[in-house]
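Geometric and topological summary
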Amino acid sequence: MSGDEGPGCGEDARESSLPLAGLRVVEFAGGVAAAYCAKLLGDAGADVVQVETDAAALARGREPMWHYLDEGKRSVAAAADTGPIDRLVEWADVIVGAVRPDGTLPGGADVAKLRAANPCCVVVTVSPFGTTGPWAGLPGNDFTLQAWGGSSGRRGDAESGPLAVGGETTDWASGVVAAVGALGVLLTADASGRGDHVDVSMLEVATLVFNSFMAVADQLAPEPVPPGPPRLYTELPSVVRTSDGWVGFATNSAPQFRAFADMVGHPEWADHPEYSRANRRGLHAAELGPEIDAWARTRTTAEVAAEARRRKIPVAPVGNGRDTPEFDHMRARGSFVPHPGLGFLRPVVPYRIAGLAPRPPREAPERGAHTEEFRTVGDSLPSVAPVAADTDAVPGDGPAPPLPLDGLRVFDFTSYWAGPCVTQILAWLGADVVKLESTQRPDGTRLSSAYATSDDRPWERAPLFHSVNTGKRGITLDLTRPEGVSLARRLLDVCDIFIENYSPRVVERFGLLPEPGERQDLIVARMPAWGLTGPWRDQPGFAQNMEQAAGLAYITGHPDGPPMVPRGVCDPLGGLHAAFAVLAAIRLRRTTGRGLRIEAPLMDAALSVTAQQVAEWSANGVLTERRGNRSASAAPQGAYRCGADGGYLALSVEDDGQWQQLVALLGHPAWAVPDELAYAEARHTAHDRLDAWLAEVLRTRERAATVGELLRLGVPAAEVVPAERSGDNPQLRARGFFREVDHEVAGRLELPLFPARWANGDEPRHRSPAPQLGEHNADVLGGLLGLTDAELAALEEAGIIGTRPDGR
C-alpha cells in the first residue's frame, strides 16, 4: 500500500532494510495495548505517528515504561484544529487505537469516519469486549477480564481465594494480537486496495492466553466439571525457596516428574496414582510441598538449577526487575540495552533476523513535536481510489474472497503450544500447513494432556492439541532414519516457510535446514525456549520457566507468599510474537522474493511483556513486588465472596468517579462516607479496611445482578468464572469466538478462534479439525511428493511412517 513516505521520515540504511519499511502507521495514543501494537510495527520498520492527547503525554512523563513504548515514534497533538489529523488519516496504511466507552478513539476519532476517509486503510481497535455484542462499551481491565476469562478462577487457594496474574498481561497480549491482526489484513489489503477493521476483544485475548483451553478440556473429560465456584489450584512442583532466593521448575511430562521426584529423594512419587498426574498433584501440596521445600532450602539456587539441568528437568532462577538483567544468559545474549535518552534498561526487540540489525534507537517524542509537518502532507498525497468501506457488509454474503496466505505452504516442525500457535495462525489465514510428527515421538501434548485413556486412541483426545492444530495436515516421519530425513528434506523443498520450536540441537542434528545461500526465498522461524546463543541455549524450557526467569512469576502471588507461575501464558505470547515476525517476513518476501531467518525465543517475548519491571528498577530503583489482587492504579481492587453459591466477584475501582458510583450502589454505608475516601490515595492507604467492609456487604448480595449493576454504572466488575466455564460467556457467544469442528475420534468440539473479528467477516476460521496422527501421510507423501502406494506401504512396514504411537 505505502506511497509517499510523508514528511521527515528520514530512514537510514538499517531501517529501510527492515521488513515493514515504508509502512505508515497512525496511533491514537491511549493504553498499553495500542501503544505496544504500534511499537511492534515500528520496530519492524514502520513509520509510526502518534495522535497524542494531554493525558497520553502526561502518562509518559510519569513512567519510564511509556518512554520504552514510544521510542522512535513521531507525535501530532490532538487539538481543535483537526487539519493535521485529517491529513494523517489520509496518509496512513494502518490506524491503531483503543476504543473508549463512547465508541470513539482517544481524541474523539470515529472508526466509521476513519474508514470512510481512507477506505484503503487497515483500522485496528482494542477494547475490553470488542465493538460488537451485548457487552460492547462496558468497562473492563486486566483484572476483571482475567476473572471473566477463567484465569483468576484456576489459581489460588481456599483461604486466600482466586488470584490474578500480575503485570497487566492482558494489555500486552492484546497489543501483539492487534499487531498480528493488522498484518493479517494488510496482506490482503496490499493486493486488493480494500482496507478493513480489525476489532480486538481483550476478553477474547484473556480467554485464549490464560486458561490453557480448559473449556475444551471440559468437553473431552470423562466427567465434565459440575457448576459451582472455581476449583482453585497451585501448580506443583513450581517455585520453591532456596538458601539464597527462588528457583522454578516445570514438569510437564511424566519423565520430567520422575526425574524431579528422584532428585528430591522421593522416587516413589512418580508411580503414585495421584502425585504422578500433573493435573492432580497440586491438590496434594500439603503432603508434597514440605518435602520439596526441605530439600531446596539447604541448597543455593545455582546448585538446584545445576542438578536439575543435569537431569534434564526444565528449571530457571526466578527473576525480577533487578535480577533478570544480571542473569548470565541475558548478559551473554545482550537481552537488555539502555534507553537512548533516559538510560534505563529495556529489552531488545523480541525476535532477531539474521543479517539485519535492529532499528537504530531514538527517543520518544515531545507531544506535538511533528504537528506542523502534517499540516500540508495531504497536498502531496496520491489520490485515494473510491473503494467502498463495506461497513454494512454481511459476513458470509457472496463467494469467500481469497485468504491472505492462500498459495503458501508451511513445514510445521513444532510441538506443545507456542510453535503450533504460530502455524495455526498461518493456517487460519489460508496457508497450507503440514505438521510433522513421528510415531516414536508424537506432539508432546497428545499424551501428556489426553483424556479417556481407556479409549482405543486416547492421543486423539488431547484438548491442547485440538485447540492449536486446526486447519493443518498431519504426517509422520521417523527422523532418526535416513529415509525419514530424506523425505523431510523433499517436503521442505516444496514449502515456503519452515517453523520449529525444539531446542537448537534437535534441528541441527537432523540437518533439515538448507545451507546458507541455498533457498534464499525460504522463511525460517526458529523458536527455541532460551534462544540460539547463550549459556542456557541447549537447556529444556517451558512457558513456566519463561514466567519464572522473566519476572512474571515474581509479581504474581501474595506479598507474604511465594511467587506463582501464571501457568502457560508465555506459550501463546511467544507464539504471537513469532507469528508477527513471520507475517512481516511474508510481506517483505512478496516484494523482494527474499526470505528471512528469524529467531524468536520464548524468553525474548516474555522479557518484552515484563519490561516495566526492569525499567522501574533501573530508572527509579523501585522493585516491583507481589500485590495479590491489588493494583497501583485501582483501589479498592479484589475478589470478594458474593452470593449464596460461594462464588467470587472481581471489583476494580480505577478512579474517584467509579468510587462514588460504587458507594451509591451500596446505599452509602457509613464506612464509605468519610470525605478522604473520595480520593484514590486515601483508598490505597485504607485498602485493608475496605476489603473487610466490602467482603461483609458483598457476601449478602446476588452476584450476577451486582456485577450487572456495576458495569452499567461504569465500574469494572466481573464474576470469577471457573476456567472450564469460560466458554459459556454470552459476549463470547455473540461474537462467535468459539466455533464448532467435527473430529472423527473426539466428536464435535467448540474451539476458540483468533481473538479479533474482521468487519467484513473474513476473519481467521477453523477450516478443518486438528489432524489425527499421520492422517495425511498418503495425501502429502503420495499426492505432494509422488510416492506410490507400494512405497507408502513399505515405509509403514518399516515404521518410518504410521498412525499410532509406538507401543500403542
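The structure we're discussing is the one just above.
Each value, and the rule that gives it
Residues numbered from 1 in each chain as written. Predicted model: local features only at pLDDT ≥ 70, side-chain atom pairs only at ≥ 80, totals over all residues. Heavy atoms only, no water. Salt bridge = Lys/Arg side-chain N within 4 Å of Asp/Glu carboxyl O. Helix = DSSP H or I, 4+ residues; strand = E, 2+ residues; numbered from the N terminus. Buried < 20%, exposed > 50% of the residue type's maximum accessible area, 1.4 Å probe, protein only. Pairing = 2+ DSSP bridges. Axes fitted to C-alpha atoms, helices over the stretch in contact; angles between N-to-C directions. Core = buried A, V, L, I, M, F, W, Y, C linked by side-chain atoms within 4.5 Å. Contact = heavy atoms within 4.5 Å. Parallel < 35°, antiparallel > 145°, perpendicular 65-115°, else oblique. Left-handed = near helix turned anticlockwise from the far one by under 90°. Patch = residues over 30% accessible without salt bridge, like charges linked within 9 Å, V, L, I, M, F, W, Y side chains within 5 Å. Areas by Shrake-Rupley, 256 points an atom, 1.4 Å probe, with all protein chains shown as cover. Lys, Arg positive; Asp, Glu negative; His and termini not counted. Charge placed at Lys NZ, Arg CZ, Asp CG, Glu CD. Right-handed = clockwise from strand over helix to strand, strands pointing away.

With the rule as written, the count across this model stands at 52 salt bridges. Asp604 is paired through a salt bridge with Arg352; the nearest N and O atoms lie 3.6 Å apart. Residue Asp604 is found in helix H22 (residues 602-609), and its partner Arg352 is found in strand E14 (residues 352-353); the two are separated by 252 residues along the sequence. A residue is classified by how much of its surface remains accessible, and Asp604, at 3% relative accessible area, is buried. Asp688 is the salt-bridge partner of Arg630, the closest N and O atoms lying 2.6 Å from each other. Highlighted residues: Arg630 in the loop between helix H23 (611-620) and strand E21 (637-641) and Asp688 in helix H26 (residues 687-698), separated in sequence by 58 residues.

We now examine the sheet that holds strand E10 (residues 246-249). Strand order in the open sheet formed by three strands is E9-E10-E11, and the pairing between neighbours is antiparallel. The outermost strands of the open sheet, each flanked by one partner alone, are strand E9 (239-241) and strand E11 (315-317). Going from strand to strand, the sheet's axes swing by 25° on average, the running direction of each strand aside. Looking at chain direction, E9 and E10 are connected through three bridges and run antiparallel. Its bridge partner being in E10, Val240 is matched across the sheet by Val247.

Time to look at unusual backbone geometry. The amide bond that connects Leu236 to the next residue, Pro237, takes the cis arrangement and shows omega of -10°. Of note, the amide linkage connecting Ala635 to Pro636 takes the cis form, showing an omega dihedral of 0°. Among the secondary structure elements, Pro636 is positioned in the loop between H23 and E21. A positive phi angle, near 65°, is found at Lys312, a position not held by glycine. Classification of Lys312 by relative accessible area gives exposed; the value is 57%.

Turning to the nonpolar core, a few remarks are in order. Membership of the largest hydrophobic core comes to 167 residues, with the highest contact counts inside it found for Leu41, Val94, Leu426, Phe580, Ile586 and Ile598. The residues contacting Leu41, other than those within four sequence positions of it, are Leu20, Val25, Ala46, Val94, Val96, Leu183 and Phe580. Formed by 29 residues, the second largest nonpolar core is a distinct cluster that contains Val485, Leu513, Leu785 and Ile800.

To continue, consider the packing of helix H15 (residues 418-428) against helix H21 (residues 570-592). With their axes 8 Å apart at the nearest point, H15 and H21 run at an angle of 40° to one another. With respect to each other, H15 and H21 are oriented oblique. Taken as a pair, H15 and H21 cross one another with a handedness that is right-handed. Contact residues: H15 offers Ala418, Cys421, Val422, Ile425 and Leu426, while H21 offers Asp571, Pro572, Gly575, Leu576, Ala578, Ala579, Val582, Leu583 and Ile586.

It is worth spelling out a positive patch on the surface at this point. A contiguous patch of positive charge on the surface is contributed by Lys312, Arg441, Arg505 and Arg509. Overall, the relative accessible area of 56% leaves Arg509 in the exposed class.

Moving on to helix H20 (residues 543-550). Counting buried residues in H20 gives eight out of eight residues, a clear majority hidden from the surface. Restricting attention to buried positions, one finds in H20 the residues Ala543, Gln544, Asn545, Met546, Glu547, Gln548, Ala549 and Ala550. For H20, the elements touching its buried residues are E9, E10, E11, H21, H22 and H23. Phi for Gly551, located one or two positions after H20, is positive at around 105°.

A few words now on the pairing of strand E15 (residues 409-413). For E15, the tally of buried residues reaches four of five residues, placing the bulk of the element in the interior. Of the strand pairs in this sheet, E15 and strand E16 (residues 432-437) are connected by four bridges, and their pairing is parallel. Across the sheet, the residue bridging to Arg409 is Asp432, located in E16. Taking the sense of rotation as the criterion, the β-α-β connection linking E15, H15 and E16 turns out right-handed.

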